Amino acid sequence: MCGINGFTFENTESIDKMNNLLAHRGPDSSGVYVNEVSLGHTRLKIIDLSDKAKQPMSDSKNKLFIVFNGEIYNFKELKKELDYEFISDSDTEVILAAYKKWGYDCVNHLNGMWAFAIYDKEKNKLFLSRDRLGKKPLYYTFKKGAIIFSSEIKPLFIHNIKKILNKKAVSSYLSYRYVLGEETMFKDIFKLLPSNNLVFDIFNKKIERIWEYWNL
C-alpha cells in the first residue's frame, strides 16, 4: 500500500501536507514533484527497495512523471516487450514505458491492481487510472479550474474544500450499505470508478474524457 496525491498547479507546501496525511500508507519514504503541476507519493517498499524506484518517477527525458499505488503482476513479462532503457527493477517504471508505447491503451496490457497518475508534460495532460476491480482507491475534486486527487478523501480538504454532506450518497448508503456510482459522502468529491480512466486537459482546465476500458 502506498499513497498518491496531486493537483494541476504548483504548491510545495500543499503537496507536502497531503503527503503527511498519507504517511500511514507509505511509511518508508516520500517524495514530491513540483513544476507546473504538483505530485506527491508516500512509499511502502515492496518491489525494488532501492532509491532508483522512488516516486514521483520520471522517464529519462523528464517528459513523463508518475505516482503509482499498487502492483503490476506481469511487469517482468512486459519489460521484455518494451523498447525502453530501464534503470530500476520496479513495476512503476514499466507503467511509464507502457504508456510511452501504447498511450492510454497501456492499461489493457497491465495485469494487477493500481491507482496511478501520469503527468504528460508534452501533451499538458494528467492521466488517472484505476484497476479493473477497484482494489486501489482514487478520489478527486475540482477547484478553480484545477483537478485535485488523492488515495484518500482527507488530504483533499487541505485545499479549503467545504465539507458538505452529500444527501444523495446518504440515501444510497442507507439503501444498499454502499455508495453507488462515483458519488462519495461529501458533495463535489468523487471516486474514479473501477476500470475507468480519466484525462484532464491542464491548458483548457477541464476533463477531456472519462471512459471505461474494461467490462466483465
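If you're wondering where the values come from, they're calculated on a predicted model, not measured in any experiment. (Residues numbered from 1 in each chain as written. Predicted model: local features only at pLDDT ≥ 70, side-chain atom pairs only at ≥ 80, totals over all residues. Heavy atoms only, no water.)

## Overview of the overall build of the protein
No. 1: When its secondary structure is counted, the protein shows four helices and 12 strands.
No. 2: On the principal axes, the C-alpha backbone points of the protein span a range of 50 × 40 × 35 Å.
No. 3: With 216 residues in all, the protein has 53% of them scored as buried.
No. 4: Residue pairs at least 24 apart in sequence account for 54% of intrachain contacts in the protein once pairs closer than 6 positions are excluded.
No. 5: Here the protein carries 33 positive and 27 negative side-chain charges, and the mean point of each set is 6 Å from the other. (Helix = DSSP H or I, 4+ residues; strand = E, 2+ residues; numbered from the N terminus. Buried < 20%, exposed > 50% of the residue type's maximum accessible area, 1.4 Å probe, protein only. Contact = heavy atoms within 4.5 Å. Lys, Arg positive; Asp, Glu negative; His and termini not counted. Charge placed at Lys NZ, Arg CZ, Asp CG, Glu CD.)

## Comments concerning the pairing of strand β11 (residues 196–201)
No. 1: Counted residue by residue, β11 has six buried out of six residues, so it is predominantly covered.
No. 2: Alternating residues of β11 divide into Asn-196, Leu-198 and Phe-200 and Asn-197, Val-199 and Asp-201, and every residue in both groups is buried.
No. 3: Pairing between strand β7 (residues 125–130) and β11: five bridges, direction antiparallel. Paired with Leu-128 across the strands is Leu-198, a residue of β11.
No. 4: As paired elements, β11 and strand β12 (residues 206–212) share six bridges and run antiparallel to each other. Bridging from a neighbouring strand, Asp-201 pairs with Lys-206 of β12.
No. 5: Counting the residues in the hairpin turn of β11 and β12 gives four residues, including Lys-205, whose phi is positive at 55°. (Pairing = 2+ DSSP bridges.)

## Here we look at the sheet that holds β7
Whenever strands of a sheet pair, they do so through backbone hydrogen bonds, lying parallel or antiparallel.
No. 1: With antiparallel pairing, six strands are arranged side by side in an open sheet as β4-β5-β6-β7-β11-β12. Each having just a single partner strand, β4 (57–58) and β12 make up the two edges of the open sheet.
No. 2: Pairing analysis gives six bridges linking strand β6 (residues 112–120) to β7, with the strands arranged antiparallel. Residue Ala-115 lies in a different strand from β7, and its bridge partner there is Arg-130.

## Focus on the nonpolar core
No. 1: Counting 29 residues, the largest nonpolar core has Ile-66, Leu-82, Ile-95, Trp-114, Phe-116 and Phe-127 as the members making the most contacts within it.
No. 2: If you list the elements that add at least two residues to this core, you get β5 (64–72), α2 (75–81), α3 (91–102) and β6.
No. 3: The leading source of residues in this core is α3, at seven residues.
No. 4: If we ignore the near neighbours within four places in the chain, the residues touching Phe-116 are Ile-4, Ile-66, Val-67, Phe-68, Ile-95, Val-107, Leu-110, Phe-127, Leu-128, Ser-129 and Leu-138.
No. 5: Residues Tyr-33, Phe-65, Leu-128 and Phe-149 belong to the second largest nonpolar core, which totals 20 residues. (Core = buried A, V, L, I, M, F, W, Y, C linked by side-chain atoms within 4.5 Å.)

## With respect to the pairing of β6
Moving residue by residue along a regular strand, the side chains alternate between the two faces of the sheet.
No. 1: In terms of burial, β6 is a largely internal element, nine of the nine residues being buried.
No. 2: Burial along β6 is two-sided: the face carrying Gly-112, Trp-114, Phe-116, Ile-118 and Asp-120 and the face carrying Met-113, Ala-115, Ala-117 and Tyr-119 are both buried.
No. 3: Here β5 runs beside β6; their pairing, made up of nine bridges, is antiparallel. Bridged to Ile-72 within β6 is Gly-112.
No. 4: As consecutive antiparallel partners, β6 and β7 are separated by four residues, and within that stretch Asn-124 has a phi angle of approximately 60°, a positive value.

## Remarks on the side chain of Ser-151
No. 1: When you line up the elements, Ser-151 lands in the loop between β9 (146–150) and α4 (167–176).
No. 2: A polar contact of 2.9 Å, which involves the side chain of Ser-151, links it to the backbone nitrogen of Ile-4.
No. 3: Setting aside anything within four residues of it in sequence, one finds Ser-151 in contact with Cys-2, Gly-3, Ile-4, Leu-22, Arg-25, Asn-69, Pro-137 and Tyr-139. (Polar contact = N/O pair within 3.5 Å; in protein donor to acceptor, adjacent residues only side chain to side chain.)

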